[in-house]
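# Inside the fold
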Amino acid sequence: MITTASPKTSLPVPTDRRLEERSLRARTEAMSVLALGDGLYEVESESGNTYLIDLEAGRCTCPDHVFRNVRCKHIRRVAIEITAGRVPPLGQIAVECADCEESIFVDEDEEGPFYCERHRIYPGVTVRDRETNDRLTVVDVSDLRADYVRIPDASSTVAEYGTNEEYDPDTPVVGAVYPHATVGRNGVVPDSLKVYVFPRTRLERVTDAN
Ligand SMILES: [Zn+2]
Ligand SMILES: [Zn+2]
């Protein structure tokens, strides 16, 4: 999983109130913030130094906090970024969408792969099979992993199955159907209504862009 930091920037200063020195510097200095989980945040300061902030305890490893015991500009900046929704709150971390690298916030103990709103799948959406280019309709999204689920009528798990071997065995499985049933002379061919099980990462949501 790739965790992402906020871009290293300064922030606009509100003109309607006087800010004390440290609050002002928390905004005007270029900093980037990375949520590490467990209530810890890492701030890269304008000078290039990196400090560790324990938000719940209100502690920072910078000299201003350590020697003067004040609520330093780094702690203030983390709070500002969380309030603005640019940095994840306590209990969450920022990760990249597995299909587009967009930054999303997830619970820190949740297991990936993670997807942004545009690439998330659920029953009814159309997906593309990366191996065959076939389009399918999702019928079921499971928490069960590819190395745990057995393929019906086969002797292997989803992870072990032929063309699935190059996908992470720890990825969840998704059930999907081919969108059009095959109709033979005697009616619908039952096989064409079968639900096929795929590792999640083998499927890509079909969006307007592709
Ligand atoms: Zn500090
Ligand atoms: Zn995405």
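Preceding this section is the structure that the text describes.
Residues numbered from 1 in each chain as written. Chains lettered and ligands numbered in written order. Predicted model: local features only at pLDDT ≥ 70, side-chain atom pairs only at ≥ 80, totals over all residues. Heavy atoms only, no water.

Around the zinc ion (ligand 2), the donor atoms from the protein are Cys97 (SG), Cys100 (SG), Cys116 (SG) and His119 (ND1), and they sit 2.1 to 2.3 Å away. Geometry at the zinc ion (ligand 2) is tetrahedral, judged from its 4 donor atoms and the angles of 97 to 114° they form at the metal. One chain supplies every donor for the zinc ion (ligand 2), spaced along it as C-x2-C-x15-C-x2-H. A residue pair is termed long-range when its members are at least 10 positions apart, and Cys97 in the loop between strand 5 (92-96) and strand 6 (103-107) and His119 in the loop between strand 6 and strand 7 (126-129) qualify at 22 residues. The same class applies to Cys97 as to His119, namely buried. (Donors = N, O, S within 2.8 Å, 3.2 Å for Na, K, Ca; no water. Tetrahedral: all angles 85-135°; square planar, octahedral: opposite > 155°, others 65-115°. Helix = DSSP H or I, 4+ residues; strand = E, 2+ residues; numbered from the N terminus. Buried < 20%, exposed > 50% of the residue type's maximum accessible area, 1.4 Å probe, protein only.)

Turning our attention to unusual backbone geometry. Residues Gly112 and Pro113 are joined by a peptide bond in cis, for which omega reads 5°. Along the polypeptide, Pro113 turns up in the loop between strand 6 and strand 7. The phi dihedral of Asp38 is positive, around 55°, even though this residue is not glycine. Its relative accessible area of 67% is what places Asp38 among the exposed residues. Phi is positive for Asn69, close to 55°, though the residue is something other than glycine. Secondary-structure assignment places Asn69 in the loop between helix 2 (63-68) and helix 3 (73-83). A relative accessible area of 61% means that Asn69 is categorised as exposed.

On to a nonpolar patch on the surface, then. On the surface, Val183, Val188 and Leu193 cluster together into a nonpolar patch covering about 290 Å² of accessible area. Relative to the helices and strands, Leu193 resides in the loop between strand 11 (187-188) and strand 12 (196-199). (Patch = residues over 30% accessible without salt bridge, like charges linked within 9 Å, V, L, I, M, F, W, Y side chains within 5 Å. Areas by Shrake-Rupley, 256 points an atom, 1.4 Å probe, with all protein chains shown as cover. Salt bridge = Lys/Arg side-chain N within 4 Å of Asp/Glu carboxyl O.)

We now examine the environment of Glu46. Relative to the assigned elements, Glu46 resides in the loop between strand 2 (40-44) and strand 3 (50-54). In this structure Glu46 comes out as partly exposed when scored by relative accessible area, which is 46%. Sequence separation of Glu46 and Met31 is 15 residues, and the distance between their C-alpha atoms is 5.6 Å. When sequence neighbours within four positions are dropped, the list of residues in contact with Glu46 reads Lys8, Thr28, Glu29, Ala30 and Met31. (Contact = heavy atoms within 4.5 Å.)

Okay, the packing of aromatic side chains next. By the definition in use, this model includes 1 aromatic pair. Taken together, a centroid distance of 5.3 Å and an interplanar angle of 80° make the contact between Tyr178 and Tyr196 edge-to-face. Taken together, the residues Tyr178 in the loop between strand 9 (172-177) and strand 10 (183-184) and Tyr196 in strand 12 connect sequence positions 18 residues apart. What makes Tyr178 partly exposed here is its relative accessible area of 29%. Here Arg200 stacks its cationic end above the ring of Tyr115, 3.6 Å away from the centre of that ring. (Phe/Tyr/Trp six-rings, centres within 6.5 Å; stacked < 30°, edge-to-face > 60°. Lys NZ or Arg CZ within 6 Å of the ring centre and 35° of its normal.)

Turning next to the coordination of the zinc ion (ligand 1). The protein atoms that coordinate the zinc ion (ligand 1) are Cys60 (SG), Cys62 (SG), Cys72 (SG) and His74 (ND1), at distances of 2.1 to 2.3 Å. Sequence spacing of the donors to the zinc ion (ligand 1): C-x1-C-x9-C-x1-H. Of this pair, Cys62 sits in the loop between strand 4 (59-60) and helix 2 while His74 is found in helix 3, placing the two residues 12 residues apart along the sequence. Side by side, Cys62 and His74 carry an identical accessibility label, which is buried.

Below, the discussion takes up the pattern of salt bridges. Between side chains of opposite charge, pairing is possible as soon as their charged atoms come close. For the coordinates displayed, the defined rule picks out 12 salt bridges. The closest approach of N and O atoms between Lys73 and Glu29, which form a salt bridge, is 2.8 Å. Taken as a pair, Lys73 in helix 3 and Glu29 in the loop between helix 1 (21-28) and strand 1 (32-37) lie far apart in primary sequence, 44 residues in all. For Glu29, a relative accessible area of 13% puts it in the buried group.

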